[in-house]
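# A structural walkthrough
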Amino acid sequence: IYDGSLSDIKSMPGLCRNLIIDFAGDAPLESINKRFLDRTNFTKEGHRRLLTSFDPKKVTAAELVREIFSEFDVVDLSIAEPSIEDVIMKIYRDGI
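Residues numbered from 1 in each chain as written. Predicted model: local features only at pLDDT ≥ 70, side-chain atom pairs only at ≥ 80, totals over all residues. Heavy atoms only, no water.

## A word on the pattern of salt bridges
Condition: Salt bridge criterion: a side-chain nitrogen from Lys or Arg within 4 Å of a carboxyl oxygen from Asp or Glu. Helix and strand definitions follow DSSP, with helices as H or I runs of at least four residues and strands as E runs of at least two, each counted in order from the N terminus. Accessible area is worked out with a 1.4 Å probe on protein chains only. A residue is then buried under 20% of its type maximum, exposed over 50%, and partly exposed in between.
Counted according to the given criterion, the structure contains seven salt bridges. Here Glu 81 and Arg 17 are joined by a salt bridge, their closest N and O atoms 2.9 Å apart. In this pair, Glu 81 sits in the loop between strand 4 (74-80) and helix 4 (84-94) while Arg 17 sits in strand 1 (residues 17-23), placing the two residues 64 residues apart along the sequence. The partly exposed category is assigned to Glu 81, whose relative accessible area is 45%. Using a relative accessible area of 21% as the deciding quantity, one classes Arg 17 as partly exposed. For Glu 71, the salt bridge is made with Arg 35, and the minimal N-O distance between the two is 2.3 Å.

Now the structure itself:
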């Protein structure tokens, strides 16, 4: 049974946050992947949407949003934390 703090759980390696971005025009997959080459990798879903799961220790949501908004015409975005199911699965799988 896990016996630690909530902040310890949130900082566990391997728990990624998800970012979904909708652009006004075609999603600039290549340009964005070059920009964030060593920090995260985006995939394309449809013509105008990009998705990524990122490690907040490598790149923060604020960095991603700031850099993307400064260069591209964004219509919508959402950021999601790992689900409680993912956290519990990680605790059991890793024997924490």
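## Side note on the confidence of the model for the protein
Quick reminder of the rule: What pLDDT reports is the predictor's confidence in each residue, on a scale of 0 through 100.
Scored by pLDDT, the protein comes out at a mean of 87, with 83% of its residues at no less than 70. Mean pLDDT values for the elements of the protein range from 66 in helix 1 (residues 6-10) up to 96 in strand 2 (residues 43-45).

## Regarding the sheet that holds strand 3 (residues 49-54)
Selection criterion: Think of it this way: DSSP has to see at least two bridges between two strands before they count as a pair. The angle between two axes is taken between their N-to-C directions and runs from 0 to 180 degrees, where each axis is a line fitted to C-alpha atoms and a helix contributes only its stretch in contact.
Taken in spatial order, the four strands of this open sheet run 2-3-1-4, and their pairing is antiparallel. Here the strands that pair on one side only, and so sit at the sheet edges, are strand 2 and strand 4. Going across the sheet, the axis of each strand differs from the next one's by a mean of 25°, ignoring polarity. As defined by bridge partners, strand 2 adjoins strand 3 across three bridges and the pair is classed as antiparallel.

## Regarding the nonpolar core
For the record, the criterion: Throughout this description, the term nonpolar core refers to a set of buried Ala, Val, Leu, Ile, Met, Phe, Trp, Tyr and Cys residues connected via side-chain atoms within 4.5 Å. Residue contacts are defined here by distance: any two heavy atoms, one from each residue, within 4.5 Å place the two residues in contact.
Core analysis: the largest hydrophobic core is formed by 15 residues, its most contacted members being Ile 21, Phe 23, Ile 32, Phe 42, Leu 64 and Ile 68. Where this core is concerned, the elements lending two or more residues are strand 1, strand 3 and helix 3 (61-71). When residues no more than four places from it in sequence are discounted, the contact partners of Phe 42 are Leu 19, Ile 21, Leu 29, Ile 32, Asn 33, Phe 36, Leu 50, Leu 51, Thr 52, Leu 64 and Ile 68.

## Topic: the side chain of Thr 52
Defined as follows: Pairs of N or O atoms are called polar contacts if they sit within 3.5 Å, as long as, within protein, a hydrogen donor faces a hydrogen acceptor (for residues adjacent in sequence, only side-chain-to-side-chain pairs).
When you line up the elements, Thr 52 lands in strand 3. Residue Thr 52 is classed as buried on the basis of its relative accessible area, which comes to 4%. Only 2.9 Å separates the side chain of Thr 52 from the backbone oxygen of Asn 41, close enough to count as a polar contact. With near-sequence residues (within four places) excluded, Thr 52 lies in contact with Arg 17, Asn 18, Leu 19, Thr 40, Asn 41 and Phe 42.

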